[in-house]
Every structure is written in C-alpha cells, then in structure tokens.
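# Fold and geometry: a report
Each chain, letter by letter, is given below.
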There are 2 protein chains.
Amino acid sequence: MESSTPIENLRSFIDVPEDHDFPIQNLPYGIFAPAGGGDPRPGAAIGDHIVDLRALESEGFLATGAAGQSRVFDSDSLNGFMAGGPRVWKSVRMRLQQLLSADNATIRDGSEVLQNVLHDRKSARMLLPARIGDYTDFYSSREHATNVGTMFRGKENALMPNWLHLPVGYHGRASSIVISGTDVRRPWGQTKPDDSPPVHGPSRLLDFELEMGFFVGEGNELGSPIPIDEVSKHIFGLVLVNDWSARDIQKWEYVPLGPFLGKSFATTISPWIVTLDALEPFRCEGPGQDPAPLPYLTSSEARAYDIHLEVGIRTEDMSDASVVCRSNFRYMYWNICQQLAHHTMNGCNARPGDLMASGTISGPTPRSYGSMLELSWRGTKPVVLSNGEERKFILDGDSVVMRGWAQGDGYRIGFGEAAGRVTPA
Amino acid sequence: MESSTPIENLRSFIDVPEDHDFPIQNLPYGIFAPAGGGDPRPGAAIGDHIVDLRALESEGFLATGAAGQSRVFDSDSLNGFMAGGPRVWKSVRMRLQQLLSADNATIRDGSEVLQNVLHDRKSARMLLPARIGDYTDFYSSREHATNVGTMFRGKENALMPNWLHLPVGYHGRASSIVISGTDVRRPWGQTKPDDSPPVHGPSRLLDFELEMGFFVGEGNELGSPIPIDEVSKHIFGLVLVNDWSARDIQKWEYVPLGPFLGKSFATTISPWIVTLDALEPFRCEGPGQDPAPLPYLTSSEARAYDIHLEVGIRTEDMSDASVVCRSNFRYMYWNICQQLAHHTMNGCNARPGDLMASGTISGPTPRSYGSMLELSWRGTKPVVLSNGEERKFILDGDSVVMRGWAQGDGYRIGFGEAAGRVTPA
C-alpha cells in the first residue's frame, strides 16, 4: 500500500464484494475462537476471513518497533491493544492493510505458517471483544427523548430542563452484556397493574433499543478529566448495541434512581469493533445545538458519523428479518466526544475496554424510531411485518437483528450484526 | 481450637485488647502490600498483624484437601477465594482460627519461615480487596428515603409508591471505587443556579453517605435468579462504604435516569472484608415489613445485622475526628438477602467480587442520619463539631472517617475504617 492510494482504490488479494461489510478499508477487530476448538484470540475481519492477530504478532509481522507493544495480541481480549492508544492502532492498521493488499505477496504467497493466519469467519465463534469494566448508557437522541417524554409527560414537558444542557446518562450493568447470537431469556420482574398491588411474573412489554456504543482506549486517571479536544484520541471504535428493555418493569422501578432490572437482564453487542480510523471518511456535522453547550462540551470539530442503521424482527415463521426501523447515527444530538468529555469531567476515570452506549437512536420520521415503544407508540399502533404478522412488543421466539454500515464510494464500512432471539421466561 | 469452645472464649497467642476491631473471632480478609516493597497479596487481619495467606498456602498450611483450591491466594485479589463458596470459606476460617489459637504452636513457635507469615499491619499498604466487576447501590433505609423525600417532595409524598414493595437500587461506577486513605478530589460539575443558566465549576455541596456494602461470592449464571433462601450462601462479607455525593451536581442531572456524575467521582470502602461467618452471632430481626413483600423477597430467616456505625469529620484544625452521626446497620428496611434476590430475579448475573451497597443508613433520630444533607437538613441547620467549627457540607481539607463494629461479649467484630480527605477541585 502506498499512502498516496485513495482509500476507495485499496484492493486486497482476498475477494470482497462491493456491498460486503468487511473490505480492506474496514478491518474491524474482535475476539474469535476458530472452528475446531482453538482458544479465543484477537482477529481482524476481512471478507469471509479472519486474520489471526496473535499468530501474526508471534510470527513477528506486527512489531511496531517500540518495546512492550509486541504482545498486545497474546490475550483473549482487546483491552491491551485498546490501551495502546492511537499511535499503536494506526501502526497496526497500516501494517494490516499492507499485508492484505492485492500486490503484497507476504501472506498471499507466503509459507504455510503465514497462510494459516487466515481463518474462516463464518465458522468461527465470536466472543466479547473486551473485558468491559464499566458500561454507561447515554440518552442522546433528541427525537427519542422527545417521543418518550411526550408519551409519559405530554408534549409541553417532553424534554426535561437539563436535557439540552448536558448528555444525560446512567450506569448500566456490565456483567450481562452478551455477544450477538446469544439467546435472551425474557426477564421476570415486579410490575404494577394500574388498579391492584404489584405482581411478580414474566415481563409482558419486552422491547429493543437501537443504539451504538464506543469502546474507550487509553482512558484517564481518577481526578483528571479528558478535555473535549483530546477526547477522540481515547475512543477506540464503535459497535452496534441492543439495549433490551422490559418496559413494564422499568415503569414501576425507575423513579427516582433510574433504570435497573428493566435493563440489566441482557445487552447485546455486535462482535466486530469498527475503528474511528475506518470511520474517518464518514465523520460529519451533527444537529445544531441550541442553546450552545458550555465550553467543556464545545469543540470546533465535526463529530457525528454518517452510519446507516436498521432493525429487523424475524419471527419463528420467517426466514429473513422484516425491517421495522431505518435510522442513522448522525441524528444523535450529543456526540461521542461530548459524552466522554462529560463523563470524565467530574474526575471519573474511564478505563480501556469501558463501553459507552448512545441511547436509542431515533430519527425524525416514525419509521426511524429506534424502539417498539416508539414504533408502536406505546402499543397503540401495531407494527405490521413483511409476512403480515403484527407486533406491539417482542414475543418469545422473535429475533431482533440490528445492522449498520457507512456507505463509501464503491465500498462500505459495515458493522455486521447485533442479533438475539428471545426465549421464554 | 475445639469446636465446642464458645466463640467468646477463643484466644490467640497474638495479644488483642477487648475493644480491638480484629480479634481471632473476626479474621477479616483484605489485599495488602507489606512495608518494604512486597507485592500485593491476600491477608487476614488479627490485632496489629496480618497473616500472609499466600505464604501460608504455599507452605501447605491451608490445603483443604480438595483439588483446585490450593492456589486461591496466589493472586492480587480475593475474587478466586470469593468464588470458592461457603465450604471453602468455612474451611479456611476454621484452619486460621486453629493456627492462631493460643494453644497451637505451629506458627507461635514455628520455624522462621512460618513466623514470617505475620506482617505488621499498620505499616502495610492496603489495596482494593477485589476486582469489582459491577457496583450496585441500593436505597434501603426507610428513614433516609423518607428524609430525602420530605425535603424534595414534602411529607405527604416522601416515599415513592414503589419503595415499600421492592429494594430500589441503581448501577454505580466500579472504576472510581477507592480504598480507605485515598484522597478524594472535589469534583467539578454542571450545576443549575435557581435563576440563571447552568454553570460549570467545582461542586459546592459535597457530602458523604454512610453505607455498608457486601461482596458477592459464587454468583449466578445469566438467566438463573438466586432464590431468596439460597442467597446468603452467595454473600462473602461486608465492608464500610462512603458513597461520596455532590448534591448540587446530582440535583441537576438525576431526572429521569438517576444519579451519575454526582456520585461517580469516588466511592471509598474499608479495606477489610468482614465475613458473614464472623457476623453470624450478630444476625437479628430487621424492621417489620408492611405491606408483606412478594414471595420472591420473603424469607423466614432474620437477616439484619446489629452493627454499630459512626461517622466523624476531622477538619484541618483537629487531631481526632468529631463524631457527627451514630447509626446501626440493623435499621435497614431491606436486608442484604432481599437485595441480592431482587437484583438477580430478572436473570441478571452477579459475579464473584461484585459490590452491592446498602444506600445511606439513617436511623430514627436526627443524630443517626447518615449524610450531611440530612444532618444539616439541606444546609439549614449547621452541624457543630467538637472544636466549635460548623459544617453544612464537607469542605476542602476535611477528612470523613467511618467506623463500624458488632459488640460481642468481651470482644468486638470491627470493620476498621473507611476514611478519605477532600482535596481542592
């Protein structure tokens, strides 16, 4: 690869169709176990293959020249690589693009050892990409906050007074974050029927929330906030997030301390982390912010990303998911840099591998709403699926499938999917 | 030790005064680094000594006979030991009481190697006892919830409708949990003056919250709740917790998703985990619960603990802390077993080393309130300290010191302290 090659002209010796999620321009990172029983290790996806980064590193092909960096991939998580920071990330990315490019013979025509660094992606088992120390969930889509506020407090009081001044967020549960493909058991919970005492039973209002999340890179020391103009260097990359929500449990429990068991039964993420470097061509302006944020939240950089998002529901009677929502990550009012700057501003430390999710990403039109709560407007308007079935919320046996991609000129930077099937309580 | 010895008659060859926190009846666990630069390792406190559990284990004195348990202390955290469950905990505790008893010569008159398993406690550096995967904070004192509710919503609406039906809780931040003795930097934050737009600056209403927290032992698989009658087997032990709170930040940010940056700048815990086994003689009935909890929260066992608690403030002009609050852990309306049963009831998985705190432990009288918010009744009644100084909230340079102990017949089961000094923003 020559650095003067326009990104859209990069080609790999591994054949990747134009509409594939994982061309050489992407190279997202994940943790995989190869088919046939290999142990979990870091990899980068390209087409229907996975490059085994542990093997490549141990063969000496990823040395960046600096001491102490040569073993970041000898691990069952990406935390060590994340902690390395942007210089290490860029160096590895550039080296991988070089090794995988069409005109590079190292792997393409290399020894058996080197050819063995390529694994079949579809038969590999994907695991969580990081040990997630803390998980934070924001609430950064104005459309979503307005929709929910309108349903519960009326149009006049839809947005709370603080909402336009800071990225509202709360701590989520890290232990129950699961990788795409994991079944999600319908939660039990305590709920309160309108005219009788609380009861205990399976949730009846199970929902998804379409979100994206970013993984923290280097992080910061306790007591040392990350200034807004430094923040992007601390963000490793993005995944799709389904913040499963039990609306009936949530409604009864959440005042005054926020969501708890209505969320903590499961959160599904996509397995491949797409780096900010791969997404750089798709950085764009987000919505205008009025009132102007305080200086600690103000940056001159465009920090939204143009990422198409969709959610499908696949019932037990369907072979392909029926798309119920089309949205875009650029709709977010508060961007990822504002979120992380705000989060650390009080001195709170973020650590490599921490996950911070966006909150439900709803757009301006009804078909762009990112949850069944909004799509069915609190259950009053059933959503009709492609085979004629209707849904107000998610039923047992339904799979929820989220996809996302940034569209380039002749290639796309895709996220794969975050999928999960609901099993009975 | 003979099992027929009454617990109050146990004596060690290590001299421990009657009012000391760490007699042979206690033996709390922590992670320490010996003076002079040893690396962190598990220990048990007795008097002014620490028993080096890694050394004792490697010398073969803690083998429990079962495979795979012999190296739980070869670690810089107690997570492995916590995961072992009650049988392992009881076996190690019994063995330690045996080895440390007055009439046992093994360590007392043992070789130099064995005598070296005892370290000086006061010169050792204490570290966090576990890698805390997730931190949850409950809100389980009726008096605290009533006080805060009265201040913000009036006496008639003090308790929210859900409060008497379930142990309200929320996810806290695990990364910023620090060990006693760590300075706490006053947080910056966004706050909202009454008649002007939000501003960004140091918190002006910094507070403590007197809490206790329990560490989870074995935990549970995702999707498999822990039934109420099994829960106590999953609780390893208790520590003191200061849930530092910035009231002005909290007030502006917390609706609708709960506390976030008003809490996440620091949470201080005491270094020695006192086991449920050591606390067993102090188990007692908690407050009556009316309405009766749902069956999943109902147990016939008494699950409160009679633990005296106090909070002192030491200003820069004082040598000893001035006690401003005397409370008791038995005041908690929702007990630790109800908390963990509720937490996992939706299928959420708890992992070894997870920390779950009680919420502020306020008692029935004004001097038993567990926060400055309540003690100074929202800043309207300054608290007078022993040297005549007054405080409404915590000022820079102040140290907050929490202590706790269960009083036995001629001995006490103490917690040491959770202390932290506030440094300027």
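Within any chain, residue numbers begin from 1 and follow the written order of that chain's sequence. Following the order in which they are written, the chains are lettered starting with A and the ligands numbered starting with 1. Since the coordinates come from a predicted model, pLDDT governs what is reported: local features require at least 70, and pairs of side-chain atoms require 80 or more to be given and counted, while whole-chain, interface and lining totals use all residues. To get the side-chain values, all heavy atoms of the structure are used, and hydrogens and water are removed first.

## Here's the deal with the pairing of strand 14 (residues 235-242) of chain A
All names here are of chain A. When a residue's accessible area, from a 1.4 Å probe over protein chains only, is under 20% of the maximum for its type it is buried; when over 50% it is exposed; and in between it is partly exposed. The secondary structure listing takes helices from DSSP runs of H or I that are at least 4 residues long and strands from runs of E that are at least 2 residues long, numbered from the N terminus. Here strand 14 lies mainly inside the structure; 8 of its 8 residues are buried. With 7 bridges connecting them, strand 13 (residues 210-216) and strand 14 associate as antiparallel partners. If you follow V216 over to strand 14, its bridge partner there is I235. For two strands to pair, DSSP has to find at least two bridges joining them. Here 2 bridges tie strand 14 to strand 16 (residues 267-269), and the two strands are oriented antiparallel to one another. Bridging across to strand 16, V241 finds its partner in I269.

## A few points about the side chain of N328 of chain A
All names here are of chain A. Positionally, N328 belongs in strand 21 (residues 322-328). Polar contacts involving the side chain of N328 include one to the main-chain amide nitrogen of I307, which spans 3.1 Å. As used in this structure description, the phrase polar contact means that two N or O atoms lie within 3.5 Å; if the pair is within protein, one of them must be able to donate a hydrogen and the other to accept it, and residues adjacent in sequence are counted only when both atoms belong to side chains. Reaching out from N328, the side chain makes a polar contact with the backbone nitrogen of R330 at a distance of 2.8 Å. Contacts: residue pairs with any heavy atoms within 4.5 Å of one another. Ignoring any residue separated from it by four or fewer positions in sequence, one finds N328 in contact with Y305, D306, I307, H308, L309 and I361.

## With respect to the packing of aromatic side chains
The relative placement of two aromatic rings is captured by the distance of their centres and the angle of their planes. When the centres of two rings from Phe, Tyr and Trp lie within 6.5 Å, Trp using its six-membered ring, the rings pair. Their planes under 30 degrees apart give stacked, over 60 give edge-to-face, and anything left gives tilted. The final tally for this structure, using the stated rule, is 22 aromatic pairs over all chains. Ring plane angle 40 degrees and centroid distance 6.4 Å describe the contact between Y369 of chain B and W377 of chain B, whose orientation is recorded as tilted. Owing to a relative accessible area of 12%, Y369 of chain B belongs among the buried residues under this scheme. Aromatic ring contacts, followed pair by pair, group Y29, F73, F81, W89 and F236 of chain A into a single cluster.

## Considering the sheet that holds strand 25 (residues 399-407) of chain B
All names here are of chain B. Strand order in the open sheet formed by 5 strands is 9-26-25-20-21, with mixed pairing between adjacent strands. If you trace the sheet from one side to the other, it starts and ends with strand 9 (184-185) and strand 21 (322-328), each paired once. As paired strands, strand 20 (residues 308-314) and strand 21 are joined by 6 bridges and run antiparallel to one another. Counterpart to I313 in the pairing with strand 21 is S322.

## Points about the interface of chain A and chain B
Each side of the interface is counted separately: chain A has 57 residues, and chain B has 57 residues. When two components associate, each loses some accessible surface as probed by a 1.4 Å sphere; the sum of these losses over both components is called the buried area. Here chain A and chain B share an interface that buries about 5300 Å² over both sides, 62% of which is from carbon and sulfur atoms. When a carboxyl oxygen of Asp or Glu lies within 4 Å of a side-chain nitrogen of Lys or Arg, that pair is called a salt bridge. One can count 4 salt bridges joining chain A with chain B. As a salt-bridge pair, R173 of chain B and D134 of chain A come within 3.5 Å of each other at their nearest N and O atoms. Between chain A and chain B we count 27 residue pairs in polar contact (both at pLDDT 80 or more) in total. When contributions to the side of chain A that touches chain B are tallied by element, the ones reaching two or more residues are strand 6 (135-138), strand 7 (169-171), strand 10 (188-191), strand 11 (199-202), helix 7 (247-253) and helix 9 (336-344) of chain A. Across the side of chain A that touches chain B, the residue classes break down as 31 nonpolar, 20 polar and 6 charged. Three classes are used, and their members are as follows: Ala, Val, Leu, Ile, Met, Phe, Trp, Tyr, Cys and Pro are nonpolar, Asp, Glu, Lys and Arg are charged, and the others, Gly among them, are polar.

## As for the relation of the copies chain A and chain B
Relating one copy of the chain to the other takes a rotation about an axis and a shift parallel to that axis. We place the copies in one frame by least squares, fitting the C-alpha atoms of every residue whose pLDDT is at least 70 in both. Here chain A sits on chain B after a turn of 180 degrees about the axis and a move of 0.0 Å along it, with an RMSD of 0.0 Å. Such a combination of rotation and displacement between the chain copies is what one expects of a two-fold axis. Identified as the residue of chain A closest to the rotation axis by C-alpha distance is G258 of chain A, at 2.1 Å. The fraction of interface residues of chain A whose copies in chain B are also interface residues reaches 100%, indicating that both copies meet through the same surface.

## Digging into unusual backbone geometry
Residue and element names in this part refer to chain A. At the junction of D290 and P291, the peptide bond is cis and its omega measures out at 10 degrees in the coordinates. Phi at L27 takes a positive value of approximately 55 degrees, unusual for a residue other than glycine. Structurally, the position occupied by L27 is in the segment before strand 1 (29-33). Residue class for L27 comes out buried when judged on its relative accessible area of 1%.

## Quick notes on the nonpolar core
Formed by 151 residues in total, the largest nonpolar core has its most connected members in F208, L238, L279 and F329 of chain A together with F208, L238 and F329 of chain B. Excluding residues within four positions of it along the chain, L238 of chain B makes contact with M212, G213, F214, W272, I273, V274, L276, L279, I307, F329, I336 and F415 of chain B. As used in this record, nonpolar core signifies buried Ala, Val, Leu, Ile, Met, Phe, Trp, Tyr and Cys residues forming a set joined through side-chain atoms within 4.5 Å.

## A short note on helix 6 (residues 142-153) of chain A
All names here are of chain A. Any helix carries an expected span of 1.5 Å times its number of residues minus one. Over its 12 residues, helix 6 extends 15 Å from the first C-alpha to the last, a length consistent with the 16 Å expected when each residue adds 1.5 Å. The set of residues buried in helix 6 consists of H144, A145, N147, V148, G149 and M151. One or two positions beyond helix 6, positive phi appears at G154, with a value near 90 degrees.

## Some words on the pattern of salt bridges
Under the definition given, this model contains 50 salt bridges over all chains. Between R54 of chain A and D39 of chain A there is a salt bridge; the shortest N-O distance is 3.2 Å. Taken together, the positions of R54 of chain A in helix 1 (residues 53-58) and D39 of chain A in the loop between strand 1 and strand 2 (41-46) put the pair 15 residues apart, joining distant regions of the chain. When its relative accessible area of 41% is taken as the criterion, D39 of chain A is described as partly exposed. For the salt bridge of D48 of chain B with R121 of chain B, the shortest nitrogen-to-oxygen distance reads 3.2 Å. Taken together, the positions of D48 of chain B in the loop between strand 2 (41-46) and strand 3 (49-52) and R121 of chain B in the loop between strand 4 (118-120) and strand 5 (125-127) put the pair 73 residues apart, joining distant regions of the chain. For D48 of chain B, a relative accessible area of 31% gives the class partly exposed. On the basis of relative accessible area, R121 of chain B is assigned to the buried category, the value being 16%. Several salt bridges converge on common partners, so that one network encompasses D207, E209, D243, R247 and K263 of chain A.

## Some points on the sheet that holds strand 3 of chain B
Residue and element names in this part refer to chain B. Spatially, 4-3-2-1-5 is the arrangement adopted by the 5 strands of the open sheet, whose pairing is antiparallel. Edge positions in the open sheet fall to strand 4 and strand 5, since each of these has one partner strand only. Taking each pair of neighbouring strands and ignoring which way they run, the sheet shows an average axis angle of 50 degrees. Note that strand 1 (residues 29-33) and strand 2 share 4 bridges and pair antiparallel. Counterpart to G30 in the pairing with strand 2 is G43. All axes here are fitted lines through C-alpha atoms, helices being fitted over the stretch that makes contact, and every angle between N-to-C directions spans 0 to 180 degrees. Helix 3 (residues 86-100) contacts strand 1, strand 2 and strand 3 of the sheet and is inclined by roughly 65 degrees relative to strand 1.

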